[in-house]
Amino acid sequence: QVQLMESGGGLVQPGGSLRLSCAASGSIFSINAMAWYRQAPGKQRELVAAITSGSSTNYADFVKGRFTISRDNARNTVYLQMNSLKPEDTAVYYCNADINRSRGVRSNYWGQGTQVTVSS
């Protein structure tokens, strides 16, 4: 089976920074797109940023200029560098990956989430 393991969440003051990591492990042939989503209490889950296997990126408007998504294909890992954090960034952040487990066998996976709290 495939597992996505997030790390790097925590408590930070407004204006501060955090770096989230998500490593995929298990039976993996290759990874297509990887992405970060977030969900605040009482709200729906929303896309934060996505990155393709060719490192093309897409960002939600509310994080453009503040967050950067990147990936290390050799380590099957995606990162989210979060700068200039705001209280409204407080949410559980989830890693997502579109994975080819073998040729012709493709599945989508979610991590269990990591809490990010921005508060003074």
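These remarks concern the structure in this document. Quick caveat, the model's predicted, so the values are computed rather than measured. (Residues numbered from 1 in each chain as written. Predicted model: local features only at pLDDT ≥ 70, side-chain atom pairs only at ≥ 80, totals over all residues. Heavy atoms only, no water.)

All right, on to the sheet that holds strand 7 (residues 67-72) then. Spatial strand order, 1-3-8-7: 4 strands in an open sheet with antiparallel pairing. The strands lining the two open edges of the sheet, one partner per strand, are strand 1 (2-7) and strand 7. Here the average twist between neighbouring strands, direction ignored, is 15°. Across 6 bridges, the pairing between strand 3 (residues 18-26) and strand 8 (residues 77-82) is antiparallel. By the bridge assignment for strand 8, Leu 18 is matched with Met 82. (Pairing = 2+ DSSP bridges. Helix = DSSP H or I, 4+ residues; strand = E, 2+ residues; numbered from the N terminus. Axes fitted to C-alpha atoms, helices over the stretch in contact; angles between N-to-C directions.)

Approximately 150 Å³ is the volume found for the largest pocket. Around the largest pocket, the lining residues are Arg 38, Ala 40, Lys 43, Gln 44, Glu 46, Phe 62, Arg 66, Lys 86, Glu 88, Asp 89, Thr 90 and Ala 91. (1 Å grid on protein atoms, 1.4 Å probe; cavity = no way out; pocket = protein on both sides within 12 Å on 5 of 7 lines; lining within 4 Å. Points joined across faces, edges and corners; volume = space filled by probe spheres on them.)

To continue, consider the pattern of salt bridges. Pairing is possible between side chains of opposite charge, provided their charged atoms come close. All told, the structure shown has 6 salt bridges when counted by the stated rule. Across the pair Asp 89 and Arg 38 runs a salt bridge whose closest N-O atoms are separated by 2.9 Å. Of this pair, Asp 89 sits in the loop between strand 8 and strand 9 (91-102) while Arg 38 is found in strand 4 (residues 30-39), placing the two residues 51 residues apart along the sequence. One exposure class covers both Asp 89 and Arg 38, and it is buried. Across the salt bridge formed by Asp 72 and Arg 75, the nearest N and O atoms sit 2.6 Å from each other. Linked through salt bridges whose partners overlap, the residues forming this network are Arg 38, Glu 46, Arg 66 and Asp 89. (Salt bridge = Lys/Arg side-chain N within 4 Å of Asp/Glu carboxyl O. Buried < 20%, exposed > 50% of the residue type's maximum accessible area, 1.4 Å probe, protein only.)

Summed over the entire model, instances satisfying the criterion amount to 1 disulfide. At a sulfur-sulfur separation of 2.1 Å, the disulfide partner of Cys 22 is Cys 95. Looking down the S-S bond of the Cys 22 and Cys 95 bridge, the torsion is -85°, so its handedness is left-handed. Pair noted here: Cys 22 is in strand 3 and Cys 95 is in strand 9, with a separation of 73 residues, a long-range link. Given a relative accessible area of 0%, Cys 22 falls into the buried group. Taking relative accessible area as the criterion, Cys 95 reaches 0% and is therefore assigned buried. (Disulfide = S-S within 2.5 Å.)

Relative to the elements of secondary structure, Asp 72 occurs in strand 7. Within the structure, Asp 72 has its side chain in polar contact with the backbone nitrogen of Ala 74 (distance 3.2 Å). Among residues more than four places away in sequence, those in contact with Asp 72 are Thr 77 and Tyr 79. (Polar contact = N/O pair within 3.5 Å; in protein donor to acceptor, adjacent residues only side chain to side chain. Contact = heavy atoms within 4.5 Å.)

Checked against the element boundaries, Asn 58 lands in strand 6 (residues 57-59). In this structure, the C-alpha to C-alpha distance between Asn 58 and Ala 35, residues 23 residues apart in sequence, is 9.2 Å. Ignoring any residue separated from it by four or fewer positions in sequence, one finds Asn 58 in contact with Leu 47, Val 48, Ala 49 and Ala 50.

Before going further, it helps to spend a moment on unusual backbone geometry. Note: most peptide bonds trans; most residues except glycine with negative phi. Despite not being glycine, Ser 55 has its phi angle at roughly 70°, a positive value. Within the secondary structure, Ser 55 sits in the loop between strand 5 (46-51) and strand 6.

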